[in-house]
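One letter stands for each residue in the lines below.
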Amino acid sequence: MNQEPLIERVLSAEEQKKLSPDDVLKSLIEGNKRFVAGTLTLRDHSKQIRDAVNGQFPKAIILSCIDSRVPVEDVFDKGIGDLFVARVAGNIVNEDILGSMEFSCKLAGAKLVLVIGHEYCGAIKGAIDNVKLGNLSTLLNKIKPAIDKCCDFKGEKTSKSPEFVDLVIRENVKVTVDAIRAQSEVLREMEKSGEIKIAGAYYDMDTGLVTIL
Ligand SMILES: [Zn+2]
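Residues numbered from 1 in each chain as written. Predicted model: local features only at pLDDT ≥ 70, side-chain atom pairs only at ≥ 80, totals over all residues. Heavy atoms only, no water.

A count of helical and extended segments in the chain gives 10 helices and five strands. For the chain, the C-alpha radius of gyration of 18 Å lies close to 17 Å, the compact-globule estimate for 213 residues. Put simply, the chain has 213 residues, and 47% of those count as buried. Counting only contacts in the chain whose residues sit at least 6 apart along the sequence, the fraction spanning at least 24 positions is 72%. Accessible area of the chain: about 11100 Å², with a carbon and sulfur share of 53%. When the 29 basic and 32 acidic side-chain charges of the chain are each reduced to a single mean position, those positions are 2 Å apart. (Helix = DSSP H or I, 4+ residues; strand = E, 2+ residues; numbered from the N terminus. Rg over C-alpha atoms; globule rule 2.2 N^0.38 Å. Buried < 20%, exposed > 50% of the residue type's maximum accessible area, 1.4 Å probe, protein only. Contact = heavy atoms within 4.5 Å. Areas by Shrake-Rupley, 256 points an atom, 1.4 Å probe, with all protein chains shown as cover. Lys, Arg positive; Asp, Glu negative; His and termini not counted. Charge placed at Lys NZ, Arg CZ, Asp CG, Glu CD.)

Turning our eyes to something else, we now look at the pattern of salt bridges. One pass over the structure, following the stated rule, counts nine salt bridges. We note a salt bridge from Glu 30 to Lys 33, for which the minimum N-O separation is 3.7 Å. Of this pair, Glu 30 and Lys 33 both sit in helix 2 (residues 21–37), three residues apart, which is roughly one turn of the helix. We classify Glu 30 as partly exposed; its relative accessible area is 34%. (Salt bridge = Lys/Arg side-chain N within 4 Å of Asp/Glu carboxyl O.)

Turning to the UniProt feature "binding site: Zn(2+)" (unreviewed entry) in the chain, a few remarks are in order. UniProt's entry tags Cys 65, Asp 67, His 118 and Cys 121 with the feature "binding site: Zn(2+)" (unreviewed entry), counted in the numbering of this structure. A maximum C-alpha distance of 8.6 Å places the annotated residues, which cover 57 residues in sequence, within one compact spot. Structurally, His 118 is set in strand 3 (residues 112–118). In this structure, His 118 is in contact with Cys 65, Asp 67, Arg 69, Val 70, Ile 169, Tyr 202, Tyr 203 and Met 205, ignoring residues within four places of it in sequence. Within the element layout of this structure, Cys 121 appears in the loop between strand 3 and helix 6 (122–128). Classification of Cys 121 as buried rests on a relative accessible area of 1%. Setting aside chain neighbours within four positions, we find Cys 121 in contact with Cys 65, Gly 90 and Ile 169. (UniProt positions renumbered as here; feature names shortened; annotations may be inferred.)

Turning to the packing of aromatic side chains, a few remarks are in order. Tallied over the full model, the rule gives two aromatic pairs. Relative to Phe 103, the ring of Phe 84 lies with its centre 5.8 Å away and its plane at 75 degrees, an arrangement referred to as edge-to-face. With Phe 84 in strand 2 (residues 83–87) and Phe 103 in helix 5 (residues 95–107), this pair connects stretches of sequence that are 19 residues apart. By relative accessible area, Phe 103 is classed as partly exposed at 39%. Ring geometry for Phe 153 versus Phe 164: centroids 5.1 Å apart, planes at 40 degrees, classification tilted. With Phe 153 in the loop between helix 8 (144–149) and helix 9 (162–183) and Phe 164 in helix 9, this pair connects stretches of sequence that are 11 residues apart. Directly above the aromatic system of Tyr 202 lies the positively charged group of Arg 170, at a separation of 3.7 Å from the ring centroid. (Phe/Tyr/Trp six-rings, centres within 6.5 Å; stacked < 30°, edge-to-face > 60°. Lys NZ or Arg CZ within 6 Å of the ring centre and 35° of its normal.)

Attention shifts here to the packing of helix 9 against helix 10 (residues 185–192). In contact at an axis separation of 5 Å, helix 9 and helix 10 are set at 100 degrees when each is read in the N-to-C sense. Viewed along their axes, helix 9 and helix 10 adopt a mutual orientation that is roughly perpendicular. Across from Ile 180, Arg 181, Ala 182 and Gln 183 in helix 9, the residues of helix 10 making contact are Glu 185, Leu 187, Arg 188 and Glu 191. Residues belonging to the contact of helix 9 with helix 10 are distributed by class as follows: three nonpolar, one polar and four charged. (Axes fitted to C-alpha atoms, helices over the stretch in contact; angles between N-to-C directions. Parallel < 35°, antiparallel > 145°, perpendicular 65-115°, else oblique. Nonpolar A, V, L, I, M, F, W, Y, C, P; charged D, E, K, R; others polar.)

Quick look at the structure:
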């Protein structure tokens with residue numbers, strides 16, 4: 001199939017301004033459908049690099065795990081200048097990530113904060129198994145509140161139980177979303193006034209499908 005690149009331009013300030021948080025969420029969901037279907041938009045990256053040099057007006061900030069199997073831009077069929085992406089094992093927040101989110105929304109005009117957890121997350125498994133390793137221990141401690149919230153789970157509470165791991169993965173996204181609202185006055189106020197939305201999502205590793213939680 002000999003297709004011309006479909007997208008040559010990056011998002012402009014005017015286009016970003018016109019978008020509502022729901023428009024942005026819809027655009028990510030539509031993009032994910034194309035990713036799942038294997039029909040990613042062709043982009044002229046070389047042209048887009050030059051086009052983006054004078055500024056950026058991304059639609060959203062995505063917080064993802066570092067997992068190499070979750071290529072965030074591709075997952076949502078987005079390209080240069082479309083998304084801010086923050087990545088840390090276990091998609092947790094700390095003040096640096098919150099600061100990055102505040103920059104993205106308040107100063108750079110992004111309309112959506114989306115926290116995306118994923119199936120088979122090694123960070124979640126490590127936290128469940130209480131792995132100790134240098135600075136990783138401190139990071140995994142931040143996943144502990146999500147594990148505690150799953151204390152009513154009736155089966156085996158180890159990383160060998162796929163059901164338990166999945167439950168904690170989903171709970172961890174909710175804990176992170178709650179933490180963003182609780183710890184960032186800037187984002188809380190922006191959400192209250194309807195300027196942005198803060199949401200959580202789950203990435204299915206088997207299919208590539210993203211579900212909004
Ligand atoms: Zn992960």
